[in-house]
Amino acid sequence: MSWIKSENLSIISGIVHGFSNRGFKGGLEEAASYFGLSRIFTLNQIHSSNVFVIKDGFRQESEQKGDAIVTSLKDMGIGVFTADCQPILFVDRTASVVAAVHAGWRGTLSQITKTALLEIEKNFGIEPSSVYVVLGPSIGRCCYEVGEDVASLFMNKFDNWKSYLLKKNDSKYILDLKEANRIALVEEGVKDIEIINICTKCDSGFHSYRRDGKGVGKQLSFVGLV
Ligand SMILES: [Zn+2]
């Protein structure tokens with residue numbers, strides 16, 4: 001399989017990262033050892049805005065629920081699974097903290113990227129302006145239709161919804177997940193945002209829930225300090 005790399009993250013020393021395509025078969029241990037990590041930690045993802053922070057003394061007792069992970073620990077990757085949703089990786093300029101976020105429409109609506117940035121600042125004293133962010137392969141604006149029910153949640157909560165929500169017809173809207181998350185990051189003060197422009201539904205090299213339906217496989221997106 002091949003891993004898609006961020007141009008910006010590739011030139012930062014002290015981290016490893018990657019966004020898988022459908023060639024990833026779920027082997028976390030294999031992926032970890034390939035990148036020289038002891039493990040890749042993931043969560044039981046529940047489309048929430050829960051951010052799980054891992055610091056010194058961390059011992060995993062049971063499976064944790066949430067949709068974002070922040071850590072300063074070296075040697076351990078952190079990852080999220082997606083199949084159309086938006087994977088987002090964070091690393092600060094000095095490569096001392098990393099984060100991985102899973103944002104579908106629910107996570108985007110609940111501003112999970114904002115919560116992740118707040119946790120990074122609260123726990124590690126790093127401001128959003130010092131964080132690089134990469135938005136990985138996700139369903140594009142070419143393909144992501146949502147109903148009035150979902151669209152109205154964004155319209156009622158955000159003033160800027162017209163920047164990423166387009167009316168298609170009487171009952172359908174196009175939601176641009178990448179743009180919605182990009183704008184949210186800019187509003188929090190992030191200056192360096194890279195977008196990997198791959199639509200998981202258009203590109204058959206990726207798993208897509210919208211294209212393949214229930215039981216679809218998942219891409220892994222991960223980052224780790226080494
Ligand atoms: Zn598409």
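Residues numbered from 1 in each chain as written. Predicted model: local features only at pLDDT ≥ 70, side-chain atom pairs only at ≥ 80, totals over all residues. Heavy atoms only, no water.

Caption draft 1: Examining the overall build of the protein chain more closely. When helices and strands are tallied, the protein chain shows seven helices and 14 strands. In terms of overall dimensions, the protein chain is globule-like: its C-alpha atoms have a radius of gyration of 17 Å, near the 17 Å expected for 226 residues. Its C-alpha atoms put the protein chain at 50 × 35 × 35 Å along the principal axes. Sorting the 226 residues of the protein chain into buried and exposed places 52% on the buried side. Taking the contacts inside the protein chain whose residues are at least 6 apart along the sequence as the reference set, 65% of them involve residues at least 24 apart. (Helix = DSSP H or I, 4+ residues; strand = E, 2+ residues; numbered from the N terminus. Rg over C-alpha atoms; globule rule 2.2 N^0.38 Å. Buried < 20%, exposed > 50% of the residue type's maximum accessible area, 1.4 Å probe, protein only. Contact = heavy atoms within 4.5 Å.)

Caption draft 2: Here's a closer look at the coordination of the zinc ion. Those protein atoms acting as donors to the zinc ion are Cys142 (SG), Cys143 (SG), Cys199 (SG) and Cys202 (SG), and they sit at 2.2 to 2.3 Å. Sequence positions of the residues that donate to the zinc ion give the spacing C-C-x55-C-x2-C. Here Cys199 lies in the loop between β13 (192–195) and α7 (209–212) and Cys142 lies in the loop between β9 (131–135) and β10 (145–147), a separation of 57 residues in the sequence. Exposure remark for Cys199: the relative accessible area of 10% places this residue in the buried category. (Donors = N, O, S within 2.8 Å, 3.2 Å for Na, K, Ca; no water.)

Caption draft 3: Structural detail: the layout of surface pockets. Taken as a whole, the largest pocket holds about 410 Å³ of empty space. Lining the largest pocket we find 19 residues, and of these His47, Ala83, Cys85, Tyr209 and Lys218 sit closest to its centre. Among the secondary structure elements, those contributing two or more residues to the lining of the largest pocket are β6 (76–82), α3 (105–109) and α7. Tallied by class, residues from the lining of the largest pocket come to ten nonpolar, five polar and four charged. Estimated volume of the second largest pocket: approximately 180 Å³. (1 Å grid on protein atoms, 1.4 Å probe; cavity = no way out; pocket = protein on both sides within 12 Å on 5 of 7 lines; lining within 4 Å. Points joined across faces, edges and corners; volume = space filled by probe spheres on them. Nonpolar A, V, L, I, M, F, W, Y, C, P; charged D, E, K, R; others polar.)

Caption draft 4: Spatial organisation of the sheet that holds strand β12 (residues 172–175). Taken in spatial order, the three strands line up as β10-β12-β11 in an open sheet, and their pairing is antiparallel. Two strands close off the open sheet at either side, each with one partner strand: β10 and β11 (165–167). Put simply, the sheet's adjacent strands are angled 40° from each other on average, direction ignored. Pairing geometry for β11 and β12, over three bridges, is antiparallel. Paired with Leu165 across the bridge in β12 is Leu175. The strands that helix α5 (residues 148–157) touches are β10, β11 and β12; relative to β10, the one it contacts most, it runs at about 85°. (Pairing = 2+ DSSP bridges. Axes fitted to C-alpha atoms, helices over the stretch in contact; angles between N-to-C directions.)

Caption draft 5: Looking closely at the side chain of Asp92. Topologically, Asp92 is positioned in strand β7 (residues 86–92). No salt bridge is formed by the buried Asp92, whose closest oppositely charged neighbour, Arg93, lies at an N-O distance of 8.0 Å. At a separation of 2.7 Å, a polar atom in the side chain of Asp92 contacts the main-chain amide nitrogen of Ser96. (Lys, Arg positive; Asp, Glu negative; His and termini not counted. Salt bridge = Lys/Arg side-chain N within 4 Å of Asp/Glu carboxyl O. Polar contact = N/O pair within 3.5 Å; in protein donor to acceptor, adjacent residues only side chain to side chain.)

Caption draft 6: Spotlight on the packing of aromatic side chains. Inspection of every chain in the model, using the stated rule, returns nine aromatic pairs. Taking 5.4 Å as the distance between ring centres and 85° as the angle between the ring planes, the aromatic pair formed by Trp3 and Phe222 counts as edge-to-face. Note that Trp3 is positioned in strand β1 (residues 3–4) and Phe222 in strand β14 (residues 219–225), a separation of 219 residues in sequence. We classify Trp3 as buried; its relative accessible area is 16%. For Phe222, a relative accessible area of 0% puts it in the buried group. Pairing Phe154 with Tyr164 gives two aromatic rings, centres 6.0 Å apart and planes at 75°, and the pair type is edge-to-face. You can see Phe154 sitting in helix α5 and its partner Tyr164 sitting in the loop between α5 and β11, a full ten residues away along the chain. For the residue pair Phe154 and Tyr164, the accessibility class agrees, reading buried in each case. An aromatic cluster is defined as three or more aromatic residues linked by ring pairs; in this entry it consists of Trp3, Phe24, Tyr34, Phe35, Phe81 and Phe222. Positioned above the aromatic ring of Phe124, the side-chain terminus of Lys55 is 5.7 Å from the ring centre. (Phe/Tyr/Trp six-rings, centres within 6.5 Å; stacked < 30°, edge-to-face > 60°. Lys NZ or Arg CZ within 6 Å of the ring centre and 35° of its normal.)

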